[in-house]
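Listed below, chain by chain, are the residues.
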Amino acid sequence: MSNIIHSVTLDSDKCKGCTNCIKMCPTQAIRVRKKKAKIIKDLCIDCGECIRVCPYHAKKAVTDNFDMIHNYKYKIALPAPAFYGQFDKATDINSILHALVKTGFDDVFEVAYAAQIVTEKTKELIKSGELETPIINSACPAVVKLISTKYPSLINNIIPLISPMNLAAKLARFIAEEKTPYKGKEIGIFFITPCAAKATCTKYPLGLKESCIDGVFSFKDMYLRVIPHLKDNTQKDDISKAGFEGVCWANSGGEVSALEMENYIAVDGIHNVIHVLEEIENEKLADVEYIEALACIGGCVGGPLTVENNFVAQTRIKKMAKTASDKKVSEEIGKVNALWETPVFVRKPRILDEDMTVAMEKLAKIDEIYANLPGLDCGSCGAPNCLALAEDIVKGYSKETDCIVKFKERIAEIANEMLGAREEEIR
């Protein structure tokens, strides 16, 4: 039994066993058994593709109850930059931040501002010449988990910087303890997330010994709470600190544009990311220096927990970024450490058997069963493809007649046997 915890969960009552999810899962982490989907936890990377494609809304991301903020004396919201693109009535970033405070927070700290610091730290590390190329960004936890699950040879290519979300949390707590009488657990840090991967990362952060974030709320939840407060058109103090470069991180290409590099790739969409990672492993991208890889189409604005159409949100973000002007971050750069505190480890692969001899025998059996399957990869059996079905059969999770083609063949054999027996009786 895996002890890995995920934000992505399944509501079995809503699941109809339609197999849409198994076809889209990039790590083959879903099976359909007895007309219900099952998530294999040690393969799931929380990318949220299953949430996006499930027509019955049986997959969902677990986030926290908003009322938990009242357990803290000083409450700070961390809005992801993509949050700004969700509102058609907002005139600028400042109005959104003020509306956010009115929902019950005492302060806000923009993840976009932390993104600017990560940009500066990234430039420093690139300049050092000590990183393996092509360098892969570390901002998207789904991509980092994908690499640790399927492409472990590329772990050392990931830039060893914590995500803007986690850096924002560290900075927010540090500054709050400086300017308020509150300390430690009296201060609550709450991230507003566009996706399931970051929701999970607030509990189990990549590159950190422990999380600095106390709770996580989805865009969908906070959108409904913020909307009523956007109607206030009175003049407001400028509490936004993020500049143009940080806000642009919400869209695919925003990070690399801030790095001012020439030989880079900005790839979005988990299946497109997989293609690029395979190209790196095959040494076909030797001339590329930096890769910005994001699991969602369009970047974080395309996250499965967002409200607005990602293409509309991208346009709004570009407009918002222009109003953010050219704000700098030099005064904050040295206040907290942005480097990984702990390395990202290879996720232990699923093994056929602890005994190597037995494992090799099972592998041979998988090859034998696979050769006998039709190779249609239709998903009707409840596995993503025929090879996965062959492995499931050897592990005892499935049987050969789960394949609809093999099932029809078996039915035909039984029918012929019965017909032959009947003819014998007549004779």
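Residues numbered from 1 in each chain as written. Predicted model: local features only at pLDDT ≥ 70, side-chain atom pairs only at ≥ 80, totals over all residues. Heavy atoms only, no water.

### Side note on unusual backbone geometry
Going from Thr133 to Pro134, the amide bond is cis rather than trans, its omega being -5 degrees. In this structure, Pro134 sits in the loop between helix 4 (111–128) and strand 7 (135–136). At Lys34, a position not held by glycine, the phi torsion is positive, near 55 degrees. With respect to the helices, strands and loops of the structure, Lys34 is situated in the loop between strand 2 (30–33) and strand 3 (36–39). Backbone geometry at Asp46 places phi at a positive 60 degrees, although glycine is not the residue there. Examined against the element boundaries, Asp46 turns out to sit in the loop between strand 3 and helix 2 (49–53). (Helix = DSSP H or I, 4+ residues; strand = E, 2+ residues; numbered from the N terminus.)

### A short note on a nonpolar patch on the surface
Judged by side-chain polarity, Ile404, Phe407, Ile411, Ile414 and Met418 come together as a nonpolar surface patch covering roughly 450 Å² of accessible area. Inspection of the secondary structure puts Phe407 in helix 15 (residues 404–426). (Patch = residues over 30% accessible without salt bridge, like charges linked within 9 Å, V, L, I, M, F, W, Y side chains within 5 Å. Areas by Shrake-Rupley, 256 points an atom, 1.4 Å probe, with all protein chains shown as cover. Salt bridge = Lys/Arg side-chain N within 4 Å of Asp/Glu carboxyl O.)

### Remarks on the pairing of strand 10 (residues 264–268)
Examined bridge by bridge, strand 10 and strand 11 (residues 290–294) share 5 bridges and lie parallel to one another. Looking at the pairing, Val267 lines up with Ala293 of strand 11. The handedness of the strand 10 to strand 11 crossover, carried by helix 11 (residues 270–281), is right-handed. (Pairing = 2+ DSSP bridges. Right-handed = clockwise from strand over helix to strand, strands pointing away.)

### Regarding helix 6 (residues 164–179)
Its 16 residues give helix 6 an end-to-end C-alpha distance of 22 Å, which sits within 8% of 22 Å, the value for a rise of 1.5 Å per residue. Most of helix 6 sits inside the fold, with 12 of its 16 residues counted as buried. On its buried face, helix 6 sits against strand 5 (74–79), helix 4, strand 8 (187–193) and helix 7 (196–203). (Expected span 1.5 Å × (residues − 1). Buried < 20%, exposed > 50% of the residue type's maximum accessible area, 1.4 Å probe, protein only. Contact = heavy atoms within 4.5 Å.)

### A look at the packing of helix 13 (residues 356–372) against helix 14 (residues 386–395)
Where helix 13 contacts helix 14, the axes come no closer than 9 Å and their chain directions differ by 130 degrees. By the angle between their axes, helix 13 is oblique relative to helix 14. Seen along the crossing, helix 13 lies across helix 14 with a hand that is right-handed. Every residue of helix 14 that contacts helix 13 at Lys362, Lys365, Ile366, Ile369 and Tyr370 is listed here: Cys386, Leu387, Ala390, Glu391, Ile393 and Val394. Classifying every residue of the contact of helix 13 with helix 14 gives 8 nonpolar, no polar and 3 charged. (Axes fitted to C-alpha atoms, helices over the stretch in contact; angles between N-to-C directions. Parallel < 35°, antiparallel > 145°, perpendicular 65-115°, else oblique. Left-handed = near helix turned anticlockwise from the far one by under 90°. Nonpolar A, V, L, I, M, F, W, Y, C, P; charged D, E, K, R; others polar.)

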